[in-house]
Amino acid sequence: MALDPPAGWMEGLHAASLSSERMRPVADDPVLAAAVRRSNVANLRQWASANVRSPGARVPAGLDPDALGTARDLVRRGLDKSALDSYRTAQGVVLRRWMEICFDLTADPAELRELLDVSTLSISTFIEDTITAVSARMEAERAELTAGTHAERRAAVTLLLEGAPIGRGRAEAQLGYRLTGPHTAAIVWNTGTPAPDELEAAAETLMRATGAGHRLTVVASTAALWLWLPVATPVPLSRLTTGLTAYPGVRVAVGRPGSDVDGFRRSHLDATATQRMLTRLTSPQQIARYTDIQLVALLTTEPAQTDEFLTDTLGDLRHADADTRETVLVYVREQCSATRAAERLFTHRNTVLRRLARADTLLPQPLADDLLGVAAALEVLRWRG
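Residues numbered from 1 in each chain as written. Predicted model: local features only at pLDDT ≥ 70, side-chain atom pairs only at ≥ 80, totals over all residues. Heavy atoms only, no water.

S.K.: Could you clarify how one ought to interpret the overall build of the chain in this entry?
M.R.: When helices and strands are counted, the chain shows 17 helices and six strands. Principal-axis analysis of the C-alpha atoms places the extent of the chain at approximately 80 × 60 × 35 Å. Classification of the 385 residues of the chain by burial places 48% in the buried group. Considering only intrachain contacts with a sequence separation of at least 6, the fraction spanning at least 24 residues in the chain is 71%. (Helix = DSSP H or I, 4+ residues; strand = E, 2+ residues; numbered from the N terminus. Buried < 20%, exposed > 50% of the residue type's maximum accessible area, 1.4 Å probe, protein only. Contact = heavy atoms within 4.5 Å.)

This is the structure we're talking about:
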């Protein structure tokens, strides 16, 4: 039963482990939060499966790749070992669930006493051993970082993003990157198993697509890079999309171009908002620019309200075939011109008219009465996975 817990219970475990104020930088980062969730699952399975094999025996510390990667990332984000309290928070949730399982299996007081005594000692020992091992890895990572230039670069970027007073000359010397002129920020991350080579290759593809001669790269985590490119023109999506097909697990979020230090900061915040939206919607899109998703990001901040908006606005059109939904969206974008919509869709005008007529039968009210609402709802669906 512990090896196959209900999905809702696992979500409670994840939420608890990311709930403390110390874990906010991790919870706010989709890549780090996903790694913590995977580590939670791995720890639960390791403890439960070990007890299936040898009930009550000491379980080896949970040092799966995600746990080790998270340890490195915590150090890179300037967090200390206090963040590992999340393991103990998760332990409390697991213990409550474990007690429910035990009480469902037996009502014999002596049997329950022995079972709970052995298993709670096993769980607490496993967690403390894991915290000790992860702490040691964090210390090793901290020693490695402070010996190189990565720590200086990360510290300078953090100060710039927070608006802290730092001299332009000093920041540029630490970053090896000019802060005057244009900037376009991007975040490149991997949605599956971290693959640093793929991230670097994708970053290089992005740089070539924009025509930039160089870039500033900051390692945000084991599965994410922060980039700044000295370009003011929008990133060409078609060229970049083609270049990223070789890396299906990689995602790219791009901010608006900006100028000087304020543009450096704002463009990164745009890219961060784009990354969060793609993650929140589990979007299948591989690349997105902030200018493309700004409205959708605002509409999808609260998932429950988003679902209500989609249902109220689209009715049965929400579940219609993709061709009909796409035709309605393109029709609105083309200022309600069926002729131009047909040209954009490479189809006949009569086909467009038939699809629009079908959409009217599925919508709660005619398309003409709620053009903006329907278009906004369909835009949300386009990005949503």
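That shown, we press on.
S.K.: Hey, could you run me through the pairing of strand β3 (residues 224–229) in this one?
M.R.: Looking along a regular strand, one sees side chains alternate from face to face of the sheet. Within β3, six of the six residues are buried, leaving the element largely enclosed by the surrounding structure. Where burial is concerned, the two faces of β3 agree: the one with Ala224, Trp226 and Trp228 and the one with Leu225, Leu227 and Leu229 are both buried. Alignment of strand β1 (residues 182–190) against β3, held across six bridges, turns out to be antiparallel. Note on β3: the bridge partner recorded for Ala186 is Leu227. (Pairing = 2+ DSSP bridges.)

S.K.: What am I meant to see in helix α1 (residues 7–17) here?
M.R.: Residues lying three or four places apart along an α-helix face the same way, a consequence of the helix completing one turn every 3.6 residues. The set of residues buried in α1 consists of Trp9, Met10, Leu13, His14, Ala16 and Ser17. Down the axis of α1, the sector holding all buried residues measures 165°, keeping them to one side. Seen from the open side of α1, the exposed residues pointing more than 90 degrees away from its buried face are Ala7 and Gly8. Contacts made by the buried residues of α1 are with α3 (30–53) and α5 (85–105). (Arc of directions from axis to C-beta.)

S.K.: For this particular structure, what's the right way to read the nonpolar core?
M.R.: A general feature of soluble globular proteins is that nonpolar side chains tend to end up buried together. Core analysis: the biggest nonpolar cluster contains 57 residues, and Val157, Trp228, Phe264, Leu314 and Leu317 have the highest contact counts within it. For this core, the leading source of residues is helix α17 (residues 371–383), giving seven residues. Not counting the four nearest positions on each side in its chain, Trp228 is found in contact with Val157, Leu161, Tyr177, His183, Thr184, Ala185, Arg215, Leu216, Val218, Phe264 and His268. Membership of the second largest hydrophobic core comes to 38 residues, among which are Trp9, Ala67, Ala71 and Leu112. (Core = buried A, V, L, I, M, F, W, Y, C linked by side-chain atoms within 4.5 Å.)

S.K.: I keep staring at the pairing of strand β2 (residues 216–221) and nothing clicks. Help me out?
M.R.: Buried residues dominate β2, accounting for five of its six residues. Bridge count for β2 against β3 is five bridges, and the pairing is antiparallel. Bridging across to β3, Thr217 finds its partner in Leu227. Counted between consecutive antiparallel strands, the loop separating β2 from β3 contains two residues.

S.K.: Sorry, what's going on with the packing of aromatic side chains here?
M.R.: Within a pair of aromatic rings, the relevant descriptors are the distance that separates the centres and the angle that separates the planes. Overall, the coordinates contain three aromatic pairs when judged by the stated rule. Taking 4.3 Å as the distance between ring centres and 5° as the angle between the ring planes, the aromatic pair formed by Trp228 and Phe264 counts as stacked. Taken together, the residues span a long stretch of sequence, with Trp228 in strand β3 and Phe264 in helix α11 (residues 260–280) at a distance of 36 residues. Residue Phe264 is classed as buried on the basis of its relative accessible area, which comes to 0%. Aromatic ring contacts, followed pair by pair, group Tyr177, Trp228 and Phe264 into a single cluster. (Phe/Tyr/Trp six-rings, centres within 6.5 Å; stacked < 30°, edge-to-face > 60°.)

S.K.: In this structure, what is going on with the environment of Leu115? I would like to understand it.
M.R.: If you trace the backbone, Leu115 turns up in helix α6 (residues 109–146). The spatial distance from the C-alpha of Leu115 to the C-alpha of Ala185 is 55 Å, given a sequence separation of 70 residues. Leaving out residues up to four positions away in the same chain, Leu115 has contacts with Trp98 and Cys102.

S.K.: For this particular structure, what's the right way to read the environment of Asn43?
M.R.: Within the secondary structure, Asn43 sits in helix α3. Of the residues examined, Asn43 reaches a relative accessible area of 8% and is grouped as buried. Along the sequence, Asn43 and Ala288 sit 245 residues apart, while their C-alpha atoms lie 34 Å from each other. Other than its neighbours up to four places away in sequence, Asn43 contacts Gly62, Asp64, Tyr87 and Phe126.

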